[in-house]
Structures are given as structure tokens and as C-alpha cells.
Amino acid sequence: MSRWPARAAVVAGTGVVLRRRYLQRRATGEEVRTAAPGNRLVADSGPAPLAASVDLYWLPLGAGGRFVRLNGRAFETIDALVHRRRRCDLYHSALEVRLGDDRFVIEQGPVWNNKVAERGVVCEGAVGSVWLGRSRLFRYEVRCWNDGVIPDVAEAFASPVRVSCDPDDARRILDLVHEVPRATWGRDELQTGEMWNSNSLISWLLARNGHDIQAITPPPQGRAPGWSAGLIIAERQLRTLPHERTVHHAPRPGT
């Protein structure tokens, strides 16, 4: 029997919980984000005293690389057949966070595909299995890269999506990167019904920061594998941290 209906129910339930939390914050007067036309998000309050922004980028899976693109298409074809649904375009996500004069790129990628020495590596994790992760070829890294670049950003679709222009959101996301779960890429170790990957990182960051996650969706006819895994883990953690909205100082260049 297909696990797709059960997985969809779990994701839908998570969305309801996160949406309820968002509405509760709004009812109590706490600053929140609301959806604007074109899948862009803006703050309810006036202009922020410090220039800041959080932008989401949707990149076609395998942009700039034929091997990854073909493997992605094969994976999506099989997954669509198994779950009896229409095949979708696959997307990989990344964030660009600006705070004052600083700009950070937050993304997850292989440890071996970037030769820049100072690229803001926060942590590493295994790909496929812990055993395989002993090899550099099977490890990923999470980057919070000051003045960094998003590979193949020119191929991003319907991007950037402005998630916030609140300095507190920018600071909080930059802090949360250091708390991201270090789950094995491509596995469901955390029992969410979906594998953990780069999209899980981005959705986890946005959900943990309290954004109206239901207003953020992939481009039309698109899908972001792993996205719901990040939402489910964030919702579990928020249950034990109901009042968490502490604002910390953002990392500065060279720290």
C-alpha cells in the first residue's frame, strides 16, 4: 500500500500546527510575516531601522550539471509511479540573508564541489549512510557563507522570493543555522516520512523562525523533495519551545 496518503496527512497536520502558531502570534500583537501577491512576503510593521532581507531561491535540481539532472528525473519518474501522481519539476532551495552591509548565502551541498577555502562551513553530515560518510565523497556541508555565491543562481526560477525584511528575522536565521539537525542526507532517520536533504535545511530554518510557511511553495508544477521533513522536525521542536523567539546577534565576518 502506498505511503503517500499517510505522508500527505502528516504534512497537512504539520502545516495546520504551524499556521495556528502563526495566527496566535498575530493575535497577541507579536510581529509576523504575511503573504503578498506573487508569493512574496513582507513585514506588517513599518521600515526596519537596519537594512535587512531574507530571500529564498528555487533552483532546478541539477542546474549546470547533466548527471545530477538526469538522476533527478529518474528519481522523480519512479517516485511518481509509486505514488500514482503526475511527475513534477524538482527544485533545490537556498537562502540569501542580508543584514546591514553583510550578505550571507545559506545552502547545503557536497563538501567536494567548492574549492573556496573560506566558505562559512557550519557543519558536515553523511550522505546515504554513516558508514559511507567516512569518505569525503559521501559527505555534505551546511554553509553560512559571508559574501558567498549560489551556484547556477542565473537558472533560479521565480526567484528571489522575499521572505522577510525584518533585521530580527535575519539575525535569528543566521543563529539557527548552527542548530540545524545533522541527519544523514537521503535517509529518513528522523522518521518524518520523507528523506532529509538540502530542502529540509531551508524549510526547517524558516519554520523554526516562525514564518507563515503555508505561504511559501515551490514554483507551479514543481516539487521540493525533503521540504516537509524540515517542517515536521521544526514543529516537533517548537512543541517543546512554545515561547521561543529569542533574538541573538548575527555572526560577523571573520567569526
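Our structure's up above, just so we're on the same page.
The structure contained in this document is the topic of the report that follows. Note that the structure is predicted; figures quoted are calculated from it, not measured.

### Brief notes about the overall build of the protein chain
- When its secondary structure is counted, the protein chain shows 5 helices and 9 strands.
- Among the 255 residues that make up the protein chain, the fraction classed as buried is 47%.

### Some remarks on the pattern of salt bridges
- Using the criterion set out here, one finds 9 salt bridges in the structure.
- The salt bridge partner of Arg 208 is Glu 179, with a shortest N-O separation of 3.7 Å. With a gap of 29 residues between them, Arg 208 in helix α4 (residues 198–208) and Glu 179 in the loop between α3 (167–176) and α4 connect regions that are remote in the sequence.
- Residue class for Arg 208 comes out buried when judged on its relative accessible area of 4%.
- Accessibility expressed as a relative area gives 41% for Glu 179, which makes it partly exposed.
- Each of the salt bridges in this network shares a partner with another, and the network as a whole consists of Glu 96, Arg 98 and Arg 103.

### A closer look at the environment of Ala 234
- You can see Ala 234 is positioned in helix α5 (residues 227–240).
- With a relative accessible area of 0%, Ala 234 lands in the buried category.
- In this structure Ala 234 touches Trp 204, Ala 207 and Arg 208, once residues within four positions along its chain are discounted.

### Side note on the packing of aromatic side chains
- Using the criterion set out here, one finds 2 aromatic pairs in the structure.
- An angle of 45° between the planes, with centres 5.3 Å apart, marks the rings of Trp 58 and Trp 227 as tilted. Of this pair, Trp 58 sits in strand β3 (residues 52–60) while Trp 227 sits in helix α5, and the two are 169 residues apart along the sequence.
- Between Tyr 91 and Phe 157, the aromatic rings sit 6.3 Å apart at their centres with planes inclined by 35°, giving tilted as the arrangement. Note that Tyr 91 is positioned in strand β4 (residues 89–99) and Phe 157 in the loop between β7 (139–146) and β8 (161–164), a separation of 66 residues in sequence.
- Given a relative accessible area of 7%, Tyr 91 falls into the buried group.

### Comments concerning a nonpolar patch on the surface
- Taken together, the side chains of Trp 112, Leu 137 and Phe 138 make up a nonpolar region of the molecular surface, amounting to roughly 320 Å² of accessible area.
- Along the chain, Phe 138 turns up in the loop between β6 (121–126) and β7.
- Owing to a relative accessible area of 34%, Phe 138 belongs among the partly exposed residues under this scheme.

Cut-offs applied
- Residues numbered from 1 in each chain as written.
- Predicted model: local features only at pLDDT ≥ 70, side-chain atom pairs only at ≥ 80, totals over all residues.
- Heavy atoms only, no water.
- Helix = DSSP H or I, 4+ residues; strand = E, 2+ residues; numbered from the N terminus.
- Buried < 20%, exposed > 50% of the residue type's maximum accessible area, 1.4 Å probe, protein only.
- Salt bridge = Lys/Arg side-chain N within 4 Å of Asp/Glu carboxyl O.
- Contact = heavy atoms within 4.5 Å.
- Phe/Tyr/Trp six-rings, centres within 6.5 Å; stacked < 30°, edge-to-face > 60°.
- Patch = residues over 30% accessible without salt bridge, like charges linked within 9 Å, V, L, I, M, F, W, Y side chains within 5 Å.
- Areas by Shrake-Rupley, 256 points an atom, 1.4 Å probe, with all protein chains shown as cover.

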